[in-house]
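Chain residues, written in single-letter form:
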Amino acid sequence: MHRPIDDSGHGTGDGYGAGDGAGDGYGAGDRGAPGPAPSPYRPHPVPAADPAGSWSSPGDGVPDPGRVDPRVLGALLARHGWQRRGGAAGRYGRWTPPGGRASGGTSLLVPDSLAFPDCEDLIGEALTALARSAAPSAREVLTGLAVPSDEVRWWREVPPGPAGTVPWPAQEKFRSAARGILLAGALAVRGRAGYHGSRHRSAARAALEPVVVATDPGGRVLTAFLPVPPGRPVAVRLYHALHAAREAVDYQRATGGMEAFDSAVEAGVSRELTEALVALVRGTEGARIALEWAPAAGVPEGCAARPEPVEFSPGDLPALREAGARYLTDEPSVPVRITGAVVRLRRSGPRGEGTVKLRVLGGAEVGHVRVALDEEAYRTAGHAHLVGLPIRVVGRLESRGGFRRLTDASGVVPVQVDETERDRLMKSLHENLDFFEEACGPEEDR
């Protein structure tokens, strides 16, 4: 816990009017004698107590000992490399951090259960010691206690930089690859596909918002904590997809065939995943990915209790790249009927066919699409935009370009919407009227 900034010895007392007994504030003690000079710094406000049922204790950020299961605490300590060094069997255990005394001398006495009267006190002391510990794993243990989470951990073997650390650009690439792997898992939860493109991307990103990430000081290990209620489907899908990708790579390297990647799509493998794996491994001597389940939530159905790390090496890159290219070309177009608001119209002259950009309101899991329309349909789209109405159009969502283009468009008609939505569309039109007039003009006039 941080000390108040006015505890540094400024002045003769502790804050406003705190003296040595001669006075207790302004005007106290001998009348006419000034009280102690106030501190030049304003003290920190006292934090208010958290609402009933809150997980954290007031003011210190340490989990409430009364809500911590000692078995979960012990499992998290063991997971993060802490060593149990004796203690009465079935009663207590003495835990030391990775590296033992060399890592700061922290030692925790953790009860094995809540069967003894002093268990809650011991848990509280252990949590306070973790919060003050310099060991990087201590913060990860507290994170796992605060929000029960499945953990995804990445390791990369890269040449060391100055002082044995990983250079900043390599760390940025590491984080980007890890984000790509998580996003591929979230996309696979929404639907199985060899290539997702822009489909489901908003929902997938929203599913990853609660994820917390921790990095080791050397930059070679990255850990993502996926809270169990929203994040477990992503962790389970990644478990199956990573093992399927490893098996497909082994099959391709042994036989030269790509058939295993076709069947791996059902497990969650996609171009997005293979691209992220390529980014993870490229420029390294190898990489590993491990998943560990939240002790408080148990093991999900169909998964190993202690999954082995999945490893990829530079020798796997050709197979992963070939699989990504195969997924891109083989993913078929999708027949759809889209309802969308016109946000841009463009054609080369005052007459003829043109291109319309729609903000998708329904019918496809994408944000925007472009549609090529003949002259009559283009005029219909323009009129609908002017009166604040969306349009409905039937066509095929093409995989080329990331499922952002609709081909074979037909049946363009305005769609009636409620007054609230229409007012919002009209407001958007008036706010962007200059842009709309510019976009509707011929190419040579711009």
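Preceding block: the structure.
Residues numbered from 1 in each chain as written. Predicted model: local features only at pLDDT ≥ 70, side-chain atom pairs only at ≥ 80, totals over all residues. Heavy atoms only, no water.

(A) Structural detail: the overall build of the protein chain. Looking only at helices and strands, the protein chain features 12 helices and 13 strands. Buried residues in the protein chain amount to 42% of all 446 residues. Sequence separation of 24 or more characterises 63% of the internal contacts of the protein chain that already satisfy a separation of 6 or more. Summed over all atoms, the accessible surface of the protein chain reaches about 23,300 Å², with 51% contributed by carbon and sulfur. (Helix = DSSP H or I, 4+ residues; strand = E, 2+ residues; numbered from the N terminus. Buried < 20%, exposed > 50% of the residue type's maximum accessible area, 1.4 Å probe, protein only. Contact = heavy atoms within 4.5 Å. Areas by Shrake-Rupley, 256 points an atom, 1.4 Å probe, with all protein chains shown as cover.)

(B) Spotlight on the side chain of S149. Positionally, S149 belongs in strand β4 (residues 149-157). At 2.6 Å, the side chain of S149 forms a polar contact with the backbone oxygen of V147. Not counting the four nearest positions on each side in its chain, S149 is found in contact with R79, G144, F225, L226, P227, V228, W293 and A294. (Polar contact = N/O pair within 3.5 Å; in protein donor to acceptor, adjacent residues only side chain to side chain.)

(C) Highlighting helix α3 (residues 136-146). Of all the residues in α3, the buried ones are S137, A138, E140, V141, L142, G144 and L145. Contacts from the buried residues of α3 go to α1 (70-79), α2 (119-132), β4, β5 (212-215) and β6 (221-227).

(D) Layout of the sheet that holds strand β1 (residues 83-84). Strands sit in the order β1-β2-β3 across an open sheet of 3 strands; the sheet is antiparallel. Where the open sheet ends on each side, the last strands, each with one partner, are β1 and β3 (108-111). Two strands pair when backbone bridges link them, and β1 and strand β2 (residues 92-96) are joined in this way by 2 bridges, in the antiparallel orientation. Considered in β2, the bridge of Q83 is made with T96. In the packing of α2 onto the sheet, contacts are made with β2 and β3, and the angle to β3 comes to roughly 145 degrees. (Pairing = 2+ DSSP bridges. Axes fitted to C-alpha atoms, helices over the stretch in contact; angles between N-to-C directions.)

(E) Fine view of the packing of α1 against α3. Where α1 meets α3, the axes come as close as 10 Å, and the angle between the chain directions of the two elements is 145 degrees. Of the two elements, α1 crosses α3, and the hand of that crossing is right-handed. Only V141, G144 and L145 of α3 make contact with α1, whose side of the interface consists of V72, L73, L76 and L77. Classifying every residue of the contact of α1 with α3 by side-chain character gives 6 nonpolar, 1 polar and no charged. (Left-handed = near helix turned anticlockwise from the far one by under 90°. Nonpolar A, V, L, I, M, F, W, Y, C, P; charged D, E, K, R; others polar.)

(F) Just the pattern of salt bridges, in detail. Under the counting rule described, the total for this entry stands at 21 salt bridges. The shortest N-O distance in the salt bridge between E331 and R199 comes to 3.6 Å. Note that E331 is positioned in the loop between α9 (317-330) and β9 (334-346) and R199 in the loop between α4 (168-190) and α5 (201-207), a separation of 132 residues in sequence. Considered together, E331 and R199 belong to a single accessibility category, that of buried residues. Put simply, R326 and D330 hold a salt bridge, and the shortest N to O gap is 4.0 Å. Here the residue R326 and the residue D330 both occupy positions in helix α9, the gap between them amounting to 4 residues, near one helical turn. Given a relative accessible area of 47%, D330 falls into the partly exposed group. It is possible to trace a salt-bridge network through shared partners that takes in R79, E140, E151, R153 and E292. (Salt bridge = Lys/Arg side-chain N within 4 Å of Asp/Glu carboxyl O.)

(G) A look at the packing of aromatic side chains. Applying the stated criterion across every chain, the model contains 3 aromatic pairs. Note that R288 overlies the ring of W155, its terminal NZ or CZ placed 4.3 Å from the centroid. (Phe/Tyr/Trp six-rings, centres within 6.5 Å; stacked < 30°, edge-to-face > 60°. Lys NZ or Arg CZ within 6 Å of the ring centre and 35° of its normal.)

(H) Looking closely at the packing of α4 against helix α8 (residues 271-281). Axis separation between α4 and α8 bottoms out at 8 Å; the angle between their running directions is 160 degrees. Taken together, the axis directions place α4 and α8 in an arrangement best described as roughly antiparallel. Where α4 crosses over α8, the handedness of that crossing is left-handed. Facing F174, A177, G180, I181, A184 and L187 of α4, the residues of α8 in contact are E272, L273, A276, L277, A279 and L280. Residue composition of the contact of α4 with α8, grouped by class: 10 nonpolar, 1 polar and 1 charged. (Parallel < 35°, antiparallel > 145°, perpendicular 65-115°, else oblique.)

(I) Fine view of the environment of A372. Note on placement: A372 falls in strand β11 (residues 368-373). C-alpha separation for the pair A372 and R405, spaced 33 residues apart in sequence, amounts to 8.6 Å. Each residue touching A372, except ones within four places of it in the same chain, is listed here: G354, T355, L406 and A409.

(J) How the structure looks around the pairing of β5. Pairing analysis gives 4 bridges linking β5 to β6, with the strands arranged antiparallel. Residue pairing in the sheet places T215 in a bridge with L222 of β6. Connecting the antiparallel pair β5 and β6 is a turn made up of 5 residues, with G219 showing a positive phi of about 80 degrees.

(K) Seen up close, the sheet that holds strand β8 (residues 310-312). Strand order in this open sheet of 5 strands is β5-β6-β4-β7-β8, and the pairing throughout is antiparallel. Where the open sheet ends on each side, the last strands, each with one partner, are β5 and β8. Geometrically, the sheet is characterised by an average inter-axis angle of 15 degrees between neighbouring strands, direction not taken into account. Here α4 sits on the sheet and contacts β4, β5, β6 and β7 (286-292); the angle it forms with β4, its principal contact strand, is near 140 degrees. Helix α6 (residues 228-255) rests against β4, β6, β7 and β8 of the sheet, and its axis sits at about 130 degrees to β6.

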